[in-house]
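The residues making up each chain are set out below.
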Amino acid sequence: MTSASVAKDGVSVLLRGMVYGAASLTFGTLLFIVAYILWKGVRHLTPSLFSLTYTSENVSLFPALVNTISMTALSLAVAVPLGIFSAIWLVEYARRGNRLVGMVRLTAETLAGIPSIVYGLFGFLLFVTTLGFGFSLLAGALTLAIMILPVIMRTTEEALRAVPDSYREGSYGLGAGKLRTVFRIILPSAVPGILAGVILSVGRIVGETAALIYTAGTVAQIPDTVFASGRTLAVHLYALWGEGFNAEQAYATAVVLLILVTGINALSAAIASRLHS
């Protein structure tokens with residue numbers, strides 16, 4: 001065995017060790033965070049935390065849980081159709097090399113990196129003040145929809161591009177039109193990739209605080225309409241921890257938030273697997 005091959009094998013072993021080390025460090029950090037939250041919060045999960053109404057004595061998280069689900073549904077109802085249809089236009093209908101396409105992609109990538117506090121200020125000025133929605137679920141949902149729109153649009157675009165051109169050619173060869181090909185052939189094939197973007201968006205919605213404080217408000221009750229204020233679980237957790245009197249309940253809220261995100265991700269993965277099979 002030559003010295004060159006020995007050096008090459010040494011480099012391979014080193015790189016493999018670095019990869020395994022990085023993976024172990026990432027997994028270990030995630031496992032530690034989850035275990036710490038569960039250890040600190042599970043023992044403080046009491047029936048009073050799930051009371052129908054919030055009081056200063058029970059600091060119930062149930063209204064925040066309902067508001068979180070409502071906020072997620074409203075935001076996705078606005079952002080998902082816009083993001084998917086925009087991606088379809090970019091991939092299937094826009095002429096390649098079009099400057100407008102380049103501008104849209106650059107804008108989407110730029111918007112994806114803007115801090116959430118900026119979105120909160122924008123939502124406050126536009127929806128809360130200018131349009132007169134006030135601090136409400138609607139103002140928060142529209143702000144979050146703008147925030148997650150670039151993520152959904154870019155992931156959907158990549159999912160559509162991953163569909164082989166042979167699918168399109170086969171559909172056209174059988175006499176199907178452009179619209180039927182897109183909605184009957186291409187979109188079903190891209191569903192797993194699209195759901196991946198939706199899952200990322202859900203995680204950002206559920207964990208968002210800064211943008212919602214400026215738009216949805218912090219009222220700890222279930223609103224009667226979408227024009228009423230209400231706090232989500234993340235805002236509820238922030239409020240409890242900021243007050244300094246209910247740290248144990250804040251950890252319990254973190255456990256519920258963790259379970260909610262995990263459940264949504266598992267459900268989305270199951271749906272994607274069923275649709276892909």
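Look up a bit, the structure's there.
So, how was this worked out
Residues numbered from 1 in each chain as written. Predicted model: local features only at pLDDT ≥ 70, side-chain atom pairs only at ≥ 80, totals over all residues. Heavy atoms only, no water. Helix = DSSP H or I, 4+ residues; strand = E, 2+ residues; numbered from the N terminus. Buried < 20%, exposed > 50% of the residue type's maximum accessible area, 1.4 Å probe, protein only. Contact = heavy atoms within 4.5 Å. Lys, Arg positive; Asp, Glu negative; His and termini not counted. Charge placed at Lys NZ, Arg CZ, Asp CG, Glu CD. Axes fitted to C-alpha atoms, helices over the stretch in contact; angles between N-to-C directions. Parallel < 35°, antiparallel > 145°, perpendicular 65-115°, else oblique. Left-handed = near helix turned anticlockwise from the far one by under 90°. Core = buried A, V, L, I, M, F, W, Y, C linked by side-chain atoms within 4.5 Å. Salt bridge = Lys/Arg side-chain N within 4 Å of Asp/Glu carboxyl O. Patch = residues over 30% accessible without salt bridge, like charges linked within 9 Å, V, L, I, M, F, W, Y side chains within 5 Å. Areas by Shrake-Rupley, 256 points an atom, 1.4 Å probe, with all protein chains shown as cover. Phe/Tyr/Trp six-rings, centres within 6.5 Å; stacked < 30°, edge-to-face > 60°. Lys NZ or Arg CZ within 6 Å of the ring centre and 35° of its normal.

A tally of helices and strands in the protein chain yields 10 helices and 0 strands. Expressed as lengths along the three principal axes of its C-alpha atoms, the size of the protein chain is roughly 65 × 60 × 35 Å. Evaluated residue by residue, the protein chain yields a buried proportion of 37% over its 277 residues. Considering only contacts within the protein chain whose residues lie at least 6 apart along the sequence, 72% involve residues at least 24 apart. Treating the 17 positive side-chain charges of the protein chain as one cloud and the 12 negative ones as another, the clouds have centres 9 Å apart.

Moving on, we come to the side chain of Thr143. One can find Thr143 in helix α5 (residues 137-161). Relative accessible area serves as the criterion here: at 2%, Thr143 is assigned to the buried category.

Before going further, it helps to spend a moment on the packing of helix α4 (residues 116-130) against α5. Look at α4 against α5: their axes get within 9 Å of each other, and the N-to-C directions meet at 135°. Here α4 lies oblique to α5, going by the angle between them. The two elements α4 and α5 meet at a crossing, and its hand is right-handed. Residue-level inspection shows Ser116, Tyr119, Gly120, Phe122, Gly123, Phe127 and Val128 of α4 in contact with α5, the latter providing Ala139, Leu142, Thr143, Ile146 and Met147.

Counting residues in each nonpolar core, the largest one holds 51 residues, and the members touching the most others are Met71, Leu76, Leu160 and Leu233. Only α2 (62-93), α3 (99-112), α5, α7 (178-206), α8 (210-215), α9 (233-243) and α10 (247-276) provide two or more residues apiece to this core. Take this core: its biggest share by element is 11 residues, from α2. Beyond its immediate chain neighbours, meaning those up to four positions away, Leu233 contacts Leu61, Ala64, Leu65, Thr68, Thr253, Val256, Leu257 and Leu260.

What the rule picks out here adds up to 8 salt bridges. Arg161 is the partner of Glu157 in a salt bridge, and the nearest nitrogen-oxygen pair spans 3.6 Å. Taken together, the residues Glu157 and Arg161, both in helix α5 and 4 residues apart, mark about one turn of the helix. Its relative accessible area of 1% is what places Glu157 among the buried residues. Judged by its relative accessible area of 42%, Arg161 is partly exposed. The network of salt bridges with common partners includes Arg105, Glu109, Arg154, Glu157, Glu158 and Arg161.

Locating Phe62 in the fold gives a position in helix α2. We classify Phe62 as partly exposed; its relative accessible area is 25%. Separated by 37 residues in the primary sequence, Phe62 and Arg99 place their C-alpha atoms 49 Å from one another. Ignoring sequence-local partners within four residues, the contact set of Phe62 consists of Leu49, Phe50, Ser51, Leu52 and Ile222.

Nonpolar side chains collect at one region of the surface, where Phe85, Trp89, Tyr93, Leu100, Met103, Leu179 and Phe183 lie side by side and expose about 730 Å² of accessible area between them. Mapped by element, the contributors of at least two residues to the nonpolar patch are α2, α3 and α7. The leading source of residues in the nonpolar patch is α2, at 3 residues. In this structure, Phe183 sits in helix α7. A relative accessible area of 37% places Phe183 in the partly exposed class.

Right, let's talk about the packing of aromatic side chains for a bit. Enumeration over the complete set of coordinates arrives at 9 aromatic pairs. Between Phe32 and Tyr36 the ring centres are 6.1 Å apart and the planes differ by 25°, which places this aromatic pair in the stacked class. Within this pair, Phe32 and its partner Tyr36 are both found in helix α1 (residues 3-41), separated by 4 residues, close to a single helical turn. Judged by relative accessible area, Phe32 falls into the exposed class, the value being 57%. Classification of Tyr36 as partly exposed rests on a relative accessible area of 35%. Look at Phe127 and Phe133: their rings are 6.3 Å apart centre to centre, the planes differ by 0°, and that puts the pair in the stacked class. Since its relative accessible area comes to 7%, Phe127 is described here as buried. Among the aromatic residues, ring-to-ring pairing joins Phe32, Tyr36, Trp39, Trp241 and Tyr251 into one connected group. Sitting over the ring of Tyr54, Arg231 keeps its end group 5.6 Å from the ring centre.

Purely spatial values, then, with no claim about function.
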